[in-house]
Amino acid sequence: MSIEQALREIESRRFVGRGAQLAELLELTDRAAEGAVVGYVYGPQGIGKTALLRAFARSQARSGQRAVAYVEARKAAGVEQDVLQQVASALGLGEDGVPLEELCQAIERLAERQGLLLAIDDYDALGPAEAAVRERLLYRLPRGAAAVLTGRAGPASLWPLERAWRRFVTHIPLAGLTQEETERLLTAQGIADGSVRQDAFRLTAGRPALLAHVADLLSSEEVAATVSEDVPTGSSLAQEEVPAFLLEQILHPGSRRRTWRPHEGAHALDNLLAAASLVPAFSRDLLCAMVGPAAVADACAPAIPGCRARACTRWSPSSPSPARSPPAARWRPSPPARRPRRRS
């Protein structure tokens, strides 16, 4: 078994739930016999879009029902030709530049002979090249071909002016895992404590990417020793919404003490920092989903002098700095009062 196969095997073991979405995708692709179909799976970062698409593509490839072409649009860096080349390479047409007409003919032959699944992950990352890929590739899909796309942006945001196209595409919104699915996922990764699993569900709102981070951290030997030795009896994963011992490992990664500090997590800002440290990129919406809007407001208000709590709930690291008011709008001293003239 190659390293790539081993990684895929680990990924497949970590995939749980999503039965309703898999059934919907299977029904969608079965309709391709009557005409080309397109499905769009969308949701926030870390919700499991890529895992769902890969799991469905693996099941289709193993069943042999149709040929599968898996494309990662983010690697194309917004270049239309790179996307087309990834499709051609996945279909075995070579690594060099393949003319568009030759690619479309190959897709038509495959779709007619055995059916075709075109899976494009992070489709909305194409940016300006999205319209060209849609018009030159997706619009020309023949009967027997099904395309499944994933993205963070909703259909109305991705195709604001393409109403007819939006009606043609099947929309599949993706939410977090249920508590039962979260329990199964963490149990499969060796997290045996039921209270810890429940707190992990509340902390992550069922987002698979966050659950994987928490499970990996809790499964490590150093953290396991810390929890067993230093956390008082009766303590669960969540203290002040974010685990205190997890804060210790996140906020003090270079510390050799590896011990639980009771004062960690006492401030709302600690919760915010720990939640932000669990993911490679975060936004206000993600933080609010993890620790709650009130915690975000409480953490930001004392950290930014003069900033009101309501305004801070709108803040995110990617937001631009507040624009300075124009010179005309700045405060100026009032002119001296004019004395009334005396009448003669």
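A few points on the structure. (Residues numbered from 1 in each chain as written. Predicted model: local features only at pLDDT ≥ 70, side-chain atom pairs only at ≥ 80, totals over all residues. Heavy atoms only, no water.)

### Observations concerning the pattern of salt bridges
Part 1 of the argument: Under the criterion given, the structure shown has eight salt bridges.
Part 2 of the argument: Salt-bridge contacts for Arg74 lead to Asp122; the nearest nitrogen and oxygen are separated by 3.3 Å. In this pair, Arg74 is assigned in the loop between β2 (67–72) and α4 (80–90) and Asp122 in the loop between β3 (116–121) and α6 (130–136), connecting sequence segments 48 residues apart.
Part 3 of the argument: You can call Arg74 partly exposed: its relative accessible area is 46%.
Part 4 of the argument: Since its relative accessible area comes to 16%, Asp122 is described here as buried.
Part 5 of the argument: Residues Arg136 and Glu80 are paired through a salt bridge, measuring 2.5 Å at the closest nitrogen-oxygen approach. Of this pair, Arg136 sits in helix α6 while Glu80 is found in helix α4, placing the two residues 56 residues apart along the sequence.
Part 6 of the argument: Ionic contacts of the salt-bridge type, sharing partners, join the residues Arg54, Glu72 and Lys75 into one network. (Salt bridge = Lys/Arg side-chain N within 4 Å of Asp/Glu carboxyl O. Helix = DSSP H or I, 4+ residues; strand = E, 2+ residues; numbered from the N terminus. Buried < 20%, exposed > 50% of the residue type's maximum accessible area, 1.4 Å probe, protein only.)

### Points about α4
Part 1 of the argument: Of all the positions in α4, only Glu80, Val83, Leu84, Gln85, Val87 and Ala88 are classed as buried.
Part 2 of the argument: Contact partners of the buried residues in α4: β2, α5 (100–113), β3 and α6.
Part 3 of the argument: Within two residues after α4, Gly92 carries a phi angle of roughly 80°, on the positive side. (Contact = heavy atoms within 4.5 Å.)

### Some thoughts on the layout of surface pockets
The gaps left among the atoms become clear once a water-sized probe is rolled over them.
Part 1 of the argument: There is about 870 Å³ of room inside the largest pocket.
Part 2 of the argument: Listed by contribution, the elements that provide at least two residues to the lining of the largest pocket are α1 (3–14), α3 (49–63) and α11 (208–219).
Part 3 of the argument: Broken down by class, the residue content of the lining of the largest pocket amounts to 17 nonpolar, six polar and eleven charged. (1 Å grid on protein atoms, 1.4 Å probe; cavity = no way out; pocket = protein on both sides within 12 Å on 5 of 7 lines; lining within 4 Å. Points joined across faces, edges and corners; volume = space filled by probe spheres on them. Nonpolar A, V, L, I, M, F, W, Y, C, P; charged D, E, K, R; others polar.)

### A closer look at the pairing of strand β5 (residues 170–173)
Part 1 of the argument: Judged by which residues are buried, β5 turns out to be one-sided: Thr170 and Ile172 face inward and are buried, whereas His171 and Pro173, on the alternate face, are not.
Part 2 of the argument: Taken together, the four bridges between strand β1 (residues 37–42) and β5 define a ladder with parallel strand orientation. Looking at β5, one finds that Gly39 is bridged to Thr170. (Pairing = 2+ DSSP bridges.)

### Considering the sheet that holds β1
Part 1 of the argument: Taken in spatial order, the five strands make up an open sheet running β2-β3-β4-β1-β5, and their pairing is parallel. Each edge of the open sheet is held by one strand with a lone partner, namely β2 and β5. In this sheet, neighbouring strand axes are inclined to one another by 15° on average, regardless of whether the strands run parallel or antiparallel.
Part 2 of the argument: Set on the sheet, helix α2 (residues 19–30) makes contact with β1, β3, β4 (145–151) and β5; between it and β5 the angle comes to about 170°.
Part 3 of the argument: Docked against the sheet, α4 engages β2 and β3, running at close to 145° with respect to β2. (Axes fitted to C-alpha atoms, helices over the stretch in contact; angles between N-to-C directions.)

### Points about unusual backbone geometry
Part 1 of the argument: Although it is not a glycine, Arg18 sits at a positive phi angle of roughly 65°.
Part 2 of the argument: Following the sequence through the fold, Arg18 ends up in the loop between α1 and α2.
Part 3 of the argument: A relative accessible area of 5% means that Arg18 is categorised as buried.
Part 4 of the argument: The backbone of Asp122 shows a phi angle near 55°, a positive value even though the residue is not glycine.

### Focus: the packing of aromatic side chains
Aromatic ring pairs: the centre-centre distance and the angle between the two ring planes describe each pair.
Part 1 of the argument: Under the counting rule described, the total for this entry stands at six aromatic pairs.
Part 2 of the argument: Relative to Phe168, the ring of Trp165 has its centre 5.9 Å away and its plane inclined at 25°; by these criteria the two rings are stacked. Placement of both Trp165 and Phe168 in helix α8 (residues 163–168) is noted, with a separation of three residues, approximately one turn of the helix.
Part 3 of the argument: Here the aromatic residues Tyr40, Tyr42, Tyr123, Tyr139, Trp159, Trp165 and Phe168 are joined through ring pairs into a cluster of three or more. (Phe/Tyr/Trp six-rings, centres within 6.5 Å; stacked < 30°, edge-to-face > 60°.)

The values are spatial; any link to function lies outside them.
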